[in-house]
Amino acid sequence: MFLEIELKKENLKNIYVCIKDNGKGFEDIKYKGLGLKLVEQFCKKLQNGKYEFSFENGVKFELRFSI
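Residues numbered from 1 in each chain as written. Predicted model: local features only at pLDDT ≥ 70, side-chain atom pairs only at ≥ 80, totals over all residues. Heavy atoms only, no water.

**Points about the side chain of S66**
By secondary structure assignment, the location of S66 is in strand β4 (residues 60-66). Reaching out from S66, the side chain makes a polar contact with the side chain of N48 at a distance of 2.9 Å. With residues up to four places along the chain from it excluded, the contact list for S66 reads K13, N14, Q47 and N48. (Helix = DSSP H or I, 4+ residues; strand = E, 2+ residues; numbered from the N terminus. Polar contact = N/O pair within 3.5 Å; in protein donor to acceptor, adjacent residues only side chain to side chain. Contact = heavy atoms within 4.5 Å.)

**Examining the nonpolar core**
Core analysis: the biggest nonpolar cluster contains nine residues, these being I15, V17, L36, C43, L46, F53, V59, F61 and L63. Not counting chain neighbours up to four residues away, the residues in contact with L63 comprise I15, Y16, V17, F42, C43, L46, K50 and Y51. (Core = buried A, V, L, I, M, F, W, Y, C linked by side-chain atoms within 4.5 Å. Buried < 20%, exposed > 50% of the residue type's maximum accessible area, 1.4 Å probe, protein only.)

**Concerning the pattern of salt bridges**
Across all of its chains, the model carries three salt bridges by this definition. Between K20 and E4 there is a salt bridge, with the nearest N and O atoms lying 3.8 Å from each other. Taken together, the residues span a long stretch of sequence, with K20 in strand β2 (residues 14-21) and E4 in strand β1 (residues 3-10) at a distance of 16 residues. The partner of K8 in a salt bridge is E6, with the nearest N and O atoms 3.7 Å apart. Taking relative accessible area as the criterion, K8 reaches 38% and is therefore assigned partly exposed. Judged by its relative accessible area of 29%, E6 is partly exposed. (Salt bridge = Lys/Arg side-chain N within 4 Å of Asp/Glu carboxyl O.)

**A closer look at the environment of R64**
On the secondary structure map, R64 appears in strand β4. Measuring from C-alpha to C-alpha, the distance between R64 and F2 comes to 22 Å, with 62 residues separating the pair along the chain. When residues no more than four places from it in sequence are discounted, the contact partners of R64 are E10, I15, Y16, N48, G49 and K50. Within polar-contact distance, the side chain of R64 engages the side chain of E10 at 3.2 Å.

These figures come from the coordinates and say nothing about function on their own.
Structure, rendered in structure tokens:
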């Protein structure tokens with residue numbers, strides 16, 4: 001199993017964060033447990049915060065926000 005974390009500055013005003021693994025993942029985020037609810041609330045507090053999940057060969061979480 002691997003875990004990869006990427007953090008970079010995109011242009012002069014945005015930050016990009018990507019966290020991915022190759023674990024078994026989960027099929028559906030319609031049910032939001034405490035962890036996903038915390039992520040959602042955190043992203044709402046960031047200026048222009050946008051996030052998304054993808055589920056190919058594990059889980060990939062991407063977050064973009066303005067500085």
